[in-house]
Every structure is written in structure tokens, then in C-alpha cells.
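# Report on the structure
This is what each chain is made of:
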Amino acid sequence: MSEDNSNDNQQVVRYKNGLEYHQVLTDYTFKLPIREKLDAQYKTSKFMLKDTKLSCDIDIHINRSMTTFFLLHNIETAKSYNCHDIKFQEISIEENGLEMENTFTIENQYAECNICNYSNTYSYEFFFVIEHWKVIKTSLSIIADHYNIYKNIRKIYEDKIFADIKINVQDKEFWAHKMILSQSTVFAAMFSHEMQENIENVINIKDIDPELFEVVLKFLYTNEINIKIITEHIFLDLITIADIYQLENLKNQLIERAIIYLTIDNVMDTLVFAEKLNIAILKESCMSFILWNNNEIQCTKSFQNFLKIHPTLAANVLNYVLKNIKRRPTAKNREQQVTPTCVEERGSL
């Protein structure tokens with residue numbers, strides 16, 4: 001029997017209760033003596049766990065039905081050696097140098113398997129991989145409880161505790177905290193200089209709907225987008241505000257929702273909006289939506305207006321459709337989409 005502590009597995013790290021743990025694997029090999037009877041018990045020699053001064057041994061019991069049991073011992077004082085969660089990770093058996101096909105049931109320090117055709121004329125070797133976790137970082141570090149942080153910040157938002165800036169949005173008044181608003185680079189720059197808003201602790205906003213601003217303000221505190229009534233252009237209006245105040249996280253989440261809420265009636269307006277703000281992913285999604293629904297879209301008033309007002313962008317749409325037309329279902333599979341249902345002579349793709 002021998003011990004081999006040279007395991008080259010990539011280091012696995014985990015964190016718990018402010019401590020950093022590194023996974024350590026110990027390889028151990030035990031050669032089974034020639035047996036004189038079927039029902040036999042063996043105990044390995046003691047071996048050291050890698051990177052520790054802790055010694056362990058393993059009980060091996062082979063019963064008459066050829067079920068083999070393994071029990072890892074000497075772990076009760078493991079924590080005093082900076083060892084945690086010691087257990088079997090892997091077990092294999094070789095018969096005369098060839099690995100046997102066995103299924104092991106492993107549960108922490110206990111394992112078992114059924115082995116057929118044991119022969120006392122063969123040489124058997126057991127290969128064990130023992131896992132334990134070693135504390136590396138012992139300095140105080142508190143891991144964030146995200147739910148409690150969320151609750152606390154939400155309470156700050158709702159109760160306006162120590163609010164230090166007033167925001168007048170048209171005829172509605174909001175109180176907030178400069179630290180929270182500084183997630184916006186626009187607000188951060190405002191509070192970093194001797195501007196009137198920073199001196200008087202008052203911001204006046206006249207060109208934004210108060211209800212929409214409240215959605216944005218709440219997002220800065222809770223990372224939630226809470227919209228009571230979803231109107232046709234609600235996401236585009238909110239994206240505009242996020243763009244003005246350079247709130248990229250909010251803007252990206254709103255773009256995702258705008259894509260989900262694309263319809264036959266709003267896709268042309270959304271495309272024009274995406275072009276104006278240079279939002280590539282939203283523009284691409286609109287183009288794709290038009291490609292797959294162009295027969296219905298051609299019959300809408302918004303499409304006819306689009307052709308008249310935005311001829312250059314319309315040409316881009318036409319090029320996109322022609323380039324990707326093969327991606328669409330064949331006419332046989334979409335009989336209702338072969339011809340536009342509108343019969344008036346109108347522009348078309």
C-alpha cells in the first residue's frame with residue numbers, strides 16, 4: 001500500500017461565513033491481501049491528509065454477498081487541524097492491474113459497492129480520493145446577505161431616512177439620497193461640483209413625466225422595474241430617461257422588455273426610436289420582427305407613414321428583408337401570409 005499526495009486538480013475555492021476555503025484532495029492506494037475467506041474485514045494503515053498533520057485510516061468490510069463497505073476514520077478532531085468536511089470523493093478498484101466496473105454509493109465518510117467474482121488468487125488494489133476543505137483566509141470578511149440588503153435599502157427608499165436632495169419633477173416632489181442618485185454619471189457630476197443643484201440640494205426637472213421618473217428612482221434603490229400600466233410607448237419613454245441620465249443597467253433591462261413587447265402596431269415606431277438612439281440590439285430585433293411579419297405590417301398605417309417619413313431607414317429595412325428572406329417559412333407553411341390582406345395599392349417591402 002502506498003500514499004500519493006500529488007493531485008493536480010485545479011484549485012476549487014468556496015466562501016462561507018466570511019471565510020475562504022480551498023479544496024484539498026488526497027490520493028491513497030491500498031493493496032488487498034490474499035483472502036482466505038469471503039467474509040473479511042481490513043483496516044488500512046494510517047495516512048496523512050495532504051497539507052495537514054491529520055492522519056486517517058479506512059475500514060474495509062467484504063461480506064459474503066460481495067458487498068464491500070468503506071468507512072473513513074479519525075476525523076473527529078479534524079477541525080483542530082484546519083480540516084473541514086472530510087469525505088470520500090472517488091473510489092476505484094483494479095483487478096490484476098485492470099480497473100473493474102463497479103458502481104459506488106458514496107455518502108461523506110461512508111461508501112459501499114457490490115463486486116462480483118472476487119477471487120483470492122487475484123491481486124486487488126483500492127484507489128481512494130479523499131476530499132477536505134482548508135481555511136485559507138481567516139481575516140474578518142462578511143458575505144453580503146442580498147435579501148436583507150435589499151430590504152434595508154427599500155426601507156430607506158420608502159421612509160426617506162436621511163434624504164438629502166429634493167427633486168421637483170413638474171408638479172410632484174421626490175426626496176432621495178445623493179449617494180444613490182450618483183449611480184447616474186449625470187447626477188454624480190452634478191454633486192461633484194459647485195453647481196446650483198448641489199448647493200441648494202434641489203433638482204428641478206420639467207420635461208419628464210413624474211410617474212416615469214418615480215419608476216427610475218425606485219430602480220436606483222431596489223433594482224426593480226415596477227410599472228403599473230404598460231402602455232404602447234412606456235418602455236421607449238423610460239429608455240429615453242435612462243439614456244439621458246446614463247443609467248446603462250436600467251437601459252439594458254428596459255431594452256430587453258421592449259423587445260418582448262414588440263407588436264405589429266408598434267414595431268415601426270420602435271425601429272425609428274432604436275435608430276435615433278443608436279441601439280443596435282433593439283434595431284436588429286425590430287428588423288427581424290418585420291422580416292417574419294412583413295405581410296401584416298405592410299397593411300398598417302404606421303408602416304405607410306414610415307415609408308413617407310423615413311425613406312433611408314425604409315431602404316435599410318428592405319435590404320435586410322431581401323438579405324434574410326430565406327430565413328422565413330415557405331409560403332406552403334404560412335398560407336395566410338402569402339399576400340397582404342390589404343388590397344389598396346400601397347408601398348411594400
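Below is a summary of the structure that appears in this document.

Conventions adopted
- Residues numbered from 1 in each chain as written.
- Predicted model: local features only at pLDDT ≥ 70, side-chain atom pairs only at ≥ 80, totals over all residues.
- Heavy atoms only, no water.
- Core = buried A, V, L, I, M, F, W, Y, C linked by side-chain atoms within 4.5 Å.
- Buried < 20%, exposed > 50% of the residue type's maximum accessible area, 1.4 Å probe, protein only.
- Helix = DSSP H or I, 4+ residues; strand = E, 2+ residues; numbered from the N terminus.
- Contact = heavy atoms within 4.5 Å.
- Salt bridge = Lys/Arg side-chain N within 4 Å of Asp/Glu carboxyl O.
- Phe/Tyr/Trp six-rings, centres within 6.5 Å; stacked < 30°, edge-to-face > 60°.
- Expected span 1.5 Å × (residues − 1).
- Pairing = 2+ DSSP bridges.

In terms of nonpolar packing, the biggest core is built from 59 residues, with I167, L181, L238 and L271 touching the most fellow members. Ranked by residues supplied to this core, first place goes to helix α5 (residues 210-222) with eight residues. Setting aside its immediate chain neighbours within four residues, L271 contacts K283, C286, M287, I290, F306, L313 and V317. Core analysis: the next-biggest nonpolar cluster, separate from the first, contains 27 residues, F47, L49, I58 and A111 among them.

The subject of this paragraph is the pattern of salt bridges. The full count for this structure, using the stated rule, is ten salt bridges. Notably, a salt bridge pairs E158 with R154, separated by 3.0 Å at the nearest N-O pair. Of the two residues, E158 and R154 both sit in helix α1 (residues 146-159), four residues apart, roughly one turn of that helix. On the accessibility criterion, E158 (48% relative accessible area) is partly exposed. The residue D243 makes a salt bridge to K251 at a minimum N-O spacing of 2.9 Å. Since its relative accessible area comes to 32%, D243 is described here as partly exposed. Accessibility expressed as a relative area gives 10% for K251, which makes it buried. Sharing partners across several salt bridges, the network here consists of K43, K46, D57 and D59.

Right, let's get into the packing of aromatic side chains. Overall, the coordinates contain twelve aromatic pairs when judged by the stated rule. A centroid spacing of 5.5 Å and a plane angle of 55° characterise the contact between F174 and F213, whose relative ring orientation is tilted. Separated by 39 residues along the polypeptide, F174 in strand β14 (residues 172-176) and F213 in helix α5 bring together distant segments of the chain. Ring centres of F187 and Y245 lie 4.8 Å apart, and the angle between their planes is 15°; this geometry places the pair in the stacked category. With F187 in helix α3 (residues 185-191) and Y245 in the loop between α6 (234-244) and α7 (248-260), this residue pair connects regions lying 58 residues apart in the sequence. On the basis of relative accessibility, which here comes to 3%, the residue F187 falls in the buried class. For Y245, a relative accessible area of 10% puts it in the buried group.

Glancing now at α7. Quick reminder: α-helices carry 3.6 residues per turn. Residues three or four places apart thus point the same way. Helix length check: α7 (13 residues) gives 19 Å between terminal C-alpha atoms against 18 Å at 1.5 Å per residue, within 8%. Buried residues of α7: L250, K251, Q253, L254, I255 and A258, and no others. Those residues of α7 hidden inside the fold are in contact with α5, α6 and α9 (280-297).

Here strand β4 (residues 40-43) shows a clear split, with A40 and Y42 buried on one side and none of Q41 and K43 buried on the other. The sheet contact formed by β4 and strand β6 (residues 55-62) spans four bridges and is antiparallel. Bridging across to β6, K43 finds its partner in D59.

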